[in-house]
Structure formats: C-alpha cells, structure tokens
Amino acid sequence: MKFETLMEIDLKKLKNNTKLLCKSYGDYQVKMANLKDNAYGMGFKIVNTLVDGGINYILVGPIKDALEIRKYNGDVPILVNYYVTEEEVYDAINNNITLTIADLEYLRSIVCLNIKDDLKLQILIDNGSNKMGIKNNLDLKEAIKIIEETDHLLLEGIYTDLTTIGVEDEFYYQSINNFYQIISNYLDKDLLIHLNEPIMYHKKLAYVNGIRFDLALIGIEENINDDWFTNIRIKNIQKKYGDLEFPNIDLELIFTITSEVMSIGKVSKSDLVGRNYVAREDMNIAVIPIGHKDGITKAINYVGINNFKRDILADDIDHLIVEVDGGVREKDKVYIVNEERGIYDFLTLLKTNRYYLMSILNRNLTKKYINAEEKSDSYLWSKK
C-alpha cells in the first residue's frame, strides 16, 4: 500500500499574492521574481502564474534553471545569477537569457569568445558583505568600458543583493550607500537598477527602478519579532533614518503539506517508541511518512489528525510517531502545514530562517498544483 506526503500548491493564491505585491510596489518599473532553488520548492511550473499576476522579469541561479523555465515561457526576460561555462554562453544567446558579470576576469573570458550575436549582461555589485560582485568604482568603470567597446555585448542593468533588511540594524543603509557610491556615475544610462526584498521595508530610492520578490510571493515574509527589545531597536533606526514602511498586504501561504497515517499500533508503559522515547503509560501510536529528510522533526511538537492536535513522540529520517486515540485509522489524513498551522510557527520551533526552511522542506515531497487556469499554447517555447 502506498502512503504519500503531499505539498499542495494553490496557483490562485499565488496569483493573488503576486497581484497584491505588484500593485503595492507599482512605482517600480520592473517586478522581478527570484526563483532560486527550483522556485523555493514550488517548481518552475508556477512561472506563468507569476507573469499573469504582474511579474515581468525572472531571476534564477544556474542557467539550467533558466532553460527549464523556457519550456514553459519563451518570452519573459530571465537573468542568471551564477557563472556559466563557455558552452552555456551560447545557450544564453540562443534562448534570450541575460548573464551576470560579477568580476572582470569572467567578463574578459566572455570577450575572448568573439561572439557574433547579441548577449545581454547585468553587473552585480558587492553589497559590502564580500560575497560576490564588483567591489569598487574603478572595476565598474572598467567593466562598462569593456562591454561598450565589445561588439554584441549589451549592458542591460546593474544590481546588488542586500543581505539584511535593516529593520533592527544599520547594515541595510551601509549597503545602500556603498551601492550608490559605486554606481552613481552611471545612472544616466537608462539601465535597469534593481534590489531584492529588503527594499520592501524602506522608502523607494529614486534611482532604483526594479524590485525583486522571493518568498513574499509564496506568502512568507520576514518574521520580525514583536517584543520590547526589537521595538526599541526599530524606533532607534527610525529616529536615525526615517520611518520604515512595513507593507500592509494580506498575503496567503500558497501551499499546504499533508500526509496520512501509515500504520497504527499499541504500546505498553515503559516500551521504547522510535529511537529514544519511553512510553509513560499504555497508549496508541500512529506512524506518519515524513521526517528529517523532509525538513520536519519532532521539534514542531504536533500534527493534526481528525481535528485534534496529536503530540509527536519520536522522529526519524522518514517517520514521525505520534500519540493517538482509538478512533484513528490507517490512511487518515494528517495535517502538517495548513491555514491553521502556519509556517511562522515552524520558523520559531525549528529555530531557523525562512530561506533555510524552504530549502529543505520541499526536497522530497510530491507536489500537486491546484486551481490552475487554462493557458493557451502561446506560452510554450515550442510554439516557434
């Protein structure tokens, strides 16, 4: 008998979230979806839903992800954030994909290819965290000079990746200042200048015409603590830099995770349950086919079965063992994440952040898309 844990992705909710975000940030010319890590586990089948909701640009990590998106949509602009090989440069040209330039050596290697067709490029600026990107004015000047003097290389934009939202600290403002100081001489070139989700919480910068959404699209915003110490830090930031702009948008979590009872049994007092739980009394237990490999541990405390919370007794790489009553049966539905048990509860209990959680939560779960709208063949890359 097959037992399945399912991630159900609601495309109607995704479209509504996208529309709300694009409308709320309508003063940005470009609304970009960051779809790294297989769209944070949602899969690239969601791309046309995003486009229908107002997204007009896509960012991915490796070029293989961009090529996968082209199977679903042949028109939406795509920016690749990672380095590509020599052969993949031609894949970018042939599929209208923009590449990122993060250092001069990489740019020179592209120049040496002597390409005969146009290749669009964007330049990544280091945000000050020393992770990746052009680090100073001189290197940016040289990069732009090389691009402008090389046939078929087209400079499309400049961007950076902010690594702090700047709500409780000053690093956002330091990063923004660093970015501006590096690019300020080139703001008259009609370029796409875009930043990521931290700008959702701050006043729009006049020279920035693009905003990148990631987990907000699927209904997971930054989880900012609402305690006395956090509020004091926020007030200090506002006193120094001006009011923050917390978006008043009613976003919905677009997915649920459900499983089913795999087996049921009885244990006696002092029996071992799983690896390390010893029964305190005689009890009924149920085994659920979800565990560490799916990003779920007993730290989430409980699951829902038959409208009741069921305490998790033990966990393993692919199982949870929960205490149940005599009315639970095999194949009964088990609720892991739904409208009543939101993702923010998981972030707190698992002591992690939204990006890490979504990177592991989606790896092994079967995905099912619901509330899809009928699409014409005009979306398909195969139309050519």
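Computed from a predicted model, the values in this text were never measured in an experiment.

On a plain count of helices and strands, the protein chain comes out with eleven helices and 19 strands. Along the first, second and third principal axes, the C-alpha atoms of the protein chain reach 80 × 55 × 35 Å. For the protein chain, the proportion of its 384 residues judged to be buried stands at 51%. In the protein chain, once contacts between residues fewer than 6 apart in sequence are set aside, the share between residues at least 24 apart is 69%. When the accessible surface of the protein chain is summed, it comes to about 18800 Å², and 47% of that surface belongs to carbon and sulfur atoms. For the protein chain, the distance from the average site of its 47 positive side-chain charges to the average site of its 59 negative ones is 2 Å.

As enumerated under the stated definition, the model contains 19 salt bridges in all. The closest approach of N and O atoms between Glu170 and Lys240, which form a salt bridge, is 3.1 Å. Linking Glu170 in the loop between strand E7 (153–160) and helix H8 (171–183) with Lys240 in helix H9 (residues 228–241), this pair joins segments that are 70 residues apart in sequence. Since its relative accessible area comes to 29%, Glu170 is described here as partly exposed. Asp316 is paired through a salt bridge with Arg275; the nearest N and O atoms lie 3.4 Å apart. In this pair, Asp316 sits in the loop between strand E16 (308–315) and strand E17 (320–324) while Arg275 sits in the loop between strand E12 (272–273) and strand E13 (277–278), placing the two residues 41 residues apart along the sequence. Ionic contacts of the salt-bridge type, sharing partners, join the residues Glu197, Asp214, Glu222 and Arg354 into one network.

A few words now on unusual backbone geometry. With phi around 55°, Asn38 is a residue other than glycine that occupies positive phi space. Position of Asn38 relative to the elements: it lies in helix H2 (residues 36–40). A relative accessible area of 32% means that Asn38 is categorised as partly exposed. A positive phi is found at Ser270, a non-glycine position, where the angle reads about 80°. Take Ser270: it is sitting in the loop between strand E11 (263–267) and E12.

All right, on to the sheet that holds strand E6 (residues 119–125) then. Taken together, the eight strands give a closed barrel; going around it, the order is E2-E3-E4-E5-E6-E7-E8-E9, and neighbouring strands pair in parallel fashion. Each strand of the sheet is rotated relative to its neighbour by a mean of 30°, with strand direction disregarded. Here three bridges tie strand E4 (residues 78–80) to strand E5 (residues 97–101), and the two strands are oriented parallel to one another. Paired with Leu79 across the strands is Thr98, a residue of E5. Set on the sheet, helix H6 (residues 104–111) makes contact with E5, E6 and E7; between it and E5 the angle comes to about 135°.

Criteria and cut-off values
- Residues numbered from 1 in each chain as written.
- Predicted model: local features only at pLDDT ≥ 70, side-chain atom pairs only at ≥ 80, totals over all residues.
- Heavy atoms only, no water.
- Helix = DSSP H or I, 4+ residues; strand = E, 2+ residues; numbered from the N terminus.
- Buried < 20%, exposed > 50% of the residue type's maximum accessible area, 1.4 Å probe, protein only.
- Contact = heavy atoms within 4.5 Å.
- Areas by Shrake-Rupley, 256 points an atom, 1.4 Å probe, with all protein chains shown as cover.
- Lys, Arg positive; Asp, Glu negative; His and termini not counted.
- Charge placed at Lys NZ, Arg CZ, Asp CG, Glu CD.
- Salt bridge = Lys/Arg side-chain N within 4 Å of Asp/Glu carboxyl O.
- Pairing = 2+ DSSP bridges.
- Axes fitted to C-alpha atoms, helices over the stretch in contact; angles between N-to-C directions.

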